[in-house]
Amino acid sequence: MASYCVMVKGPCRGKNCDFWSRVKIRKASIEELTSGIRDVVIRCHKDESMTLEDALHEYWYQIGVRDLKKLCEEEPDLCAKMTAAEVRAQT
């Protein structure tokens with residue numbers, strides 16, 4: 001049985017814990033997230049083997065998101081904010 005985490009008020013996820021990344025995303029404005037995404041996309045664009053999807057995944061991983069699917073299941077509002085930043089970064 002997994003140990004209890006007082007931060008997430010549930011079972012500890014160990015290396016897959018993304019509690020603080022969720023806090024960072026919650027506190028950041030969409031403009032801040034968009035700017036960060038653009039920086040990573042520009043950097044990754046220089047590496048022609050990397051797709052846009054890979055660059056977005058890399059950005060969220062750098063923030064600390066370990067399981068994007070799980071995050072979107074557990075916090076759809078936060079996922080919507082992330083998606084809005086991704087869309088805005090592509091325009």
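Just so you know, these numbers come straight off a predicted model, no measurement behind them. Residue positions are given per chain, counted from 1 along the sequence in the order it is written. Reporting of local features is limited, given that this is a predicted model, to residues whose pLDDT is at least 70; pairs of side-chain atoms are given and counted only at 80 or more, and all residues count toward the totals for whole chains, interfaces and linings. In computing side-chain properties, one takes all heavy atoms of the structure into account and sets aside hydrogens as well as water.

It is not clear to me how empty space enclosed by the protein should be interpreted in this structure. Could you clarify?
Using a probe with the size of a water molecule, rolled over the atoms, empty space left in the structure can be pinpointed. Points on a 1 Å grid, built from protein atoms alone, make a cavity when a 1.4 Å probe fits but cannot get out and make a pocket when they are open with protein on both sides within 12 Å along at least 5 of 7 lines; residues with an atom within 4 Å of a point are the lining residues. Grid points are joined across faces, edges and corners, and a volume is the space filled by probe spheres set on the points. A complete count under the given rule lists 1 cavity of 30 Å³ or more for this structure. Each pocket or cavity is described by its volume, and for the largest cavity that value is around 30 Å³.

What should I look at first to understand the pattern of salt bridges in this one?
For salt bridges, the criterion is a side-chain nitrogen of Lys or Arg within 4 Å of an Asp or Glu carboxyl oxygen. Here the structure, examined in full by the defined rule, presents 8 salt bridges. One salt bridge connects Arg13 with Asp18, and the closest N-O pair in it is separated by 4.0 Å. A 1.4 Å probe rolled over the protein chains alone gives each residue an accessible area, and that area as a share of the maximum for its type sets the label: buried under 20%, exposed over 50%, partly exposed in between. Given the relative accessible area of 32%, Arg13 is considered partly exposed. Here Asp18 falls in the buried class, since its relative accessible area comes to 4%. Residue Arg22 is joined to Asp18 by a salt bridge in which the shortest nitrogen-to-oxygen separation is 2.9 Å. Like Arg22, the residue Asp18 is buried in the burial classification.

Any chance you could explain the packing of helix H1 (residues 19-27) against helix H5 (residues 76-89) here in plain terms?
The description of two helices packed together rests on the angle between their axes and the distance between the axes. Axes, fitted as lines to C-alpha atoms, cover a helix only where it is in contact. Angles between the N-to-C directions of the axes lie from 0 to 180 degrees. We count a stretch as a helix when DSSP gives it H or I for four or more residues in a row; a strand needs E for two or more, and each element gets its number in order from the N terminus. Two elements in contact, H1 and H5, have axes separated by 10 Å at closest approach and are oriented at 60°. Relative to H5, H1 is oriented oblique. Helix-helix and strand crossings are classified by hand; for H1 and H5 the assignment is left-handed. Facing H1, whose interface residues are Arg22, Ile25, Arg26 and Lys27, H5 presents Leu78, Lys81 and Met82. Ten residues, namely Ala, Val, Leu, Ile, Met, Phe, Trp, Tyr, Cys and Pro, are considered nonpolar, four, namely Asp, Glu, Lys and Arg, are considered charged, and the remaining ones, Gly among them, are considered polar. Counted by class, the contact of H1 with H5 contains 3 nonpolar, no polar and 4 charged residues. Reported orientations rely on four angle classes, namely roughly parallel under 35 degrees, roughly antiparallel over 145, roughly perpendicular from 65 to 115, and oblique for the rest. Here a crossing is called left-handed whenever its near helix is offset anticlockwise from the far helix by less than a right angle, and right-handed whenever the offset is clockwise. Note on definitions: a residue-residue contact is assigned when non-hydrogen atoms from the two residues lie within 4.5 Å.

How should I be thinking about the state of the cysteines in this particular structure?
The term disulfide refers to a covalent linkage connecting the sulfur atoms of a pair of cysteines. Disulfides are defined in this document as cysteine sulfur pairs within 2.5 Å. Evaluated as defined, the whole model comprises 1 disulfide. The residue that forms a disulfide with Cys72 is Cys79, at a sulfur-sulfur distance of 2.0 Å. Sign of the S-S torsion, about 65° for the bond between Cys72 and Cys79, identifies this disulfide as right-handed. Its relative accessible area of 24% is what places Cys72 among the partly exposed residues. In this structure Cys79 comes out as buried when scored by relative accessible area, which is 16%. Sulfur of Cys12: no disulfide; nearest cysteine sulfur belongs to Cys5 and is 5.7 Å away. A disulfide-free cysteine, Cys17 has its sulfur positioned 5.8 Å from the sulfur of Cys5, the nearest such atom. Classification of Cys17 by relative accessible area gives partly exposed; the value is 36%.

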